[in-house]
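The primary structure of each chain is shown beneath.
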Amino acid sequence: MSYADADFYTNTYGGALPADAALEQLLARASDDIDRATFGRIPAQGGLTVLSPFCQKQVQLAVCAQADYLQTTGGLSDLAGVGSYRIGDVSLQLDGASALLLAPRARGYLEPTALLYRGV
């Protein structure tokens, strides 16, 4: 289940992707990425609704930013661990920053929530 829906993406976040089944899939996949980045804290605490209203909105904004990132990269974030590849005359060399699983903008939305805190 996605933390943000097409209505939130379009009307609150101001996203440009068309509201269709593909957007819903991107939002669901982005929610999975947010869960991984936050170490599963959101479902472990009982879901999005138990978070403060501020944290809820930040998570939803992060999901939308991550969906945009996934659309822009064409899913290249799944190539984490791959250094380079070549298809015909096209060659792509990935550095460490290119293999980010979380969009920088999504990370920015999550930083004030403490959900990214690794703790010791």
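Up top you'll find the structure we're talking about.
Bear in mind the structure is a predicted one, so any value in this text is a computation, not a measurement.

A. Broad picture of the overall build of the protein chain. Scanning the protein chain from N- to C-terminus turns up five helices and two strands. Taken over 120 residues, the protein chain has a buried fraction of 38%. On the protein chain, roughly 6,900 Å² of surface is accessible, and the fraction owed to carbon and sulfur atoms is 55%.

B. Structural detail: the pattern of salt bridges. Tallied over the full model, the rule gives one salt bridge. The salt bridge partner of Asp33 is Arg36, with a shortest N-O separation of 2.2 Å. A residue pair is termed a helical-turn pair when its members lie 3 or 4 positions apart in one helix, as Asp33 and Arg36 do in helix H2 (residues 21–37) at three residues. Accessibility expressed as a relative area gives 52% for Arg36, which makes it exposed.

C. Spatial organisation of the nonpolar core. Membership of the largest hydrophobic core comes to 32 residues, with the highest contact counts inside it found for Tyr13, Ile34 and Val59. Looking at this core element by element, the count peaks at ten residues for helix H4 (residues 53–73). The contact partners of Tyr13, leaving out residues within four places of it in the chain, are Phe8, Leu61, Cys64, Ala65, Asp68, Arg105 and Tyr109.

D. Seen up close, the packing of H2 against H4. Orientation of H2 relative to H4, taken along the N-to-C sense of each, is 115 degrees, at an axis distance of 8 Å. As judged from the angle between their axes, H2 and H4 are roughly perpendicular. The two elements H2 and H4 cross, and the hand of that crossing is right-handed. Together, Leu26, Leu27, Arg29, Ala30, Ser31, Asp33 and Ile34 of H2 and Val59, Ala62, Val63, Cys64, Gln66, Ala67, Leu70 and Gln71 of H4 make up the contact between the two elements.

E. Spatial organisation of the environment of Gln56. Among the secondary structure elements, Gln56 is positioned in helix H4. Looking at Gln56, the relative accessible area reads 22%, which means it is partly exposed. Expressed as a C-alpha distance, the spacing of Gln56 and Thr113, which sit 57 residues apart in the sequence, is 9.2 Å. In this structure Gln56 touches Leu48, Thr49 and Leu51, once residues within four positions along its chain are discounted.

Rules used throughout
Residues numbered from 1 in each chain as written. Predicted model: local features only at pLDDT ≥ 70, side-chain atom pairs only at ≥ 80, totals over all residues. Heavy atoms only, no water. Helix = DSSP H or I, 4+ residues; strand = E, 2+ residues; numbered from the N terminus. Buried < 20%, exposed > 50% of the residue type's maximum accessible area, 1.4 Å probe, protein only. Areas by Shrake-Rupley, 256 points an atom, 1.4 Å probe, with all protein chains shown as cover. Salt bridge = Lys/Arg side-chain N within 4 Å of Asp/Glu carboxyl O. Core = buried A, V, L, I, M, F, W, Y, C linked by side-chain atoms within 4.5 Å. Contact = heavy atoms within 4.5 Å. Axes fitted to C-alpha atoms, helices over the stretch in contact; angles between N-to-C directions. Parallel < 35°, antiparallel > 145°, perpendicular 65-115°, else oblique. Left-handed = near helix turned anticlockwise from the far one by under 90°.

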